[in-house]
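Residues per chain are reported as follows:
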Amino acid sequence: EAISDAIGDGAKVLARLIPNLCKVVESNALRNSSISEASEIDTKALNRLMYLFRRLFSAIATPTHPVILFIDDLQWADAMSLDLIREIVCASGMRSLMFVGSYRSNEVDQD
């Protein structure tokens, strides 16, 4: 319920990227729509997506239920993904989230 309250109507947007979100979020927006609908990502949508991820992680990463987010192979991450990670990890008030990232230095460009 805390997750549903935190992301509200944004559940539909997040469910397009995280289909299993439907299993934990009770939302009329999810039940009454097709999650496979294609949508174009513009600046406004990207900002909303980052906002929704911050809200999602602030709802699930609490002092009583801290979260460790581990992402492997960061050398393959694109700029948008790295921006999203930075947005979540650096959000003010995000005190119950630990981020651990790993990469293979032999697979990283020298640039």
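An account of the accompanying structure is given in this report. Not measured: the values here are computed from a predicted model.

## Structural notes on the pairing of strand β2 (residues 97–101)
Bridge count between strand β1 (residues 67–71) and β2: five bridges; the pairing is parallel. Along β2, the bridge assignment pairs I68 with M98. Taken together, β1, helix α5 (residues 79–89) and β2 form a β-α-β motif whose crossover is right-handed.

## Structural notes on the pattern of salt bridges
Tallying each qualifying case throughout the model produces three salt bridges. The closest approach of N and O atoms between R54 and E87, which form a salt bridge, is 2.4 Å. Of this pair, R54 sits in helix α4 (residues 43–60) while E87 sits in helix α5, and the two are 33 residues apart along the sequence. For R54, a relative accessible area of 24% corresponds to the partly exposed category.

## A short note on the side chain of S96
Relative to the helices and strands, S96 resides in the loop between α5 and β2. In terms of polar contacts, S96 uses its side chain to reach the backbone carbonyl oxygen of T62, at 3.4 Å. Apart from the residues lying within four places of it in its own chain, the contact partners of S96 are A61, T62, P63, P66 and V67.

## Overview of unusual backbone geometry
Not every positive phi belongs to a glycine, and D73 is a case in point at roughly 60 degrees. Inspection of the secondary structure puts D73 in the loop between β1 and α5.

## Overview of α5
Along an α-helix, residues three or four positions apart point the same way, because every turn accommodates 3.6 residues. What α5 keeps buried is the set L84, I85 and I88. Looking straight down α5, one finds its buried side chains confined to an arc of 100 degrees; they lie on one side.

## Side note on α4
The end-to-end C-alpha separation of α4 is 26 Å, in line with the 26 Å expected for 18 residues at 1.5 Å each. The set of residues buried in α4 consists of L49, M50, L52, F53, L56, F57 and A59. Residues of α4 that are buried in the fold lie against α1 (2–7), α2 (11–17), β1, α5 and β2.

Each value, and the rule that gives it
- Residues numbered from 1 in each chain as written.
- Predicted model: local features only at pLDDT ≥ 70, side-chain atom pairs only at ≥ 80, totals over all residues.
- Heavy atoms only, no water.
- Pairing = 2+ DSSP bridges.
- Helix = DSSP H or I, 4+ residues; strand = E, 2+ residues; numbered from the N terminus.
- Right-handed = clockwise from strand over helix to strand, strands pointing away.
- Salt bridge = Lys/Arg side-chain N within 4 Å of Asp/Glu carboxyl O.
- Buried < 20%, exposed > 50% of the residue type's maximum accessible area, 1.4 Å probe, protein only.
- Polar contact = N/O pair within 3.5 Å; in protein donor to acceptor, adjacent residues only side chain to side chain.
- Contact = heavy atoms within 4.5 Å.
- Arc of directions from axis to C-beta.
- Expected span 1.5 Å × (residues − 1).

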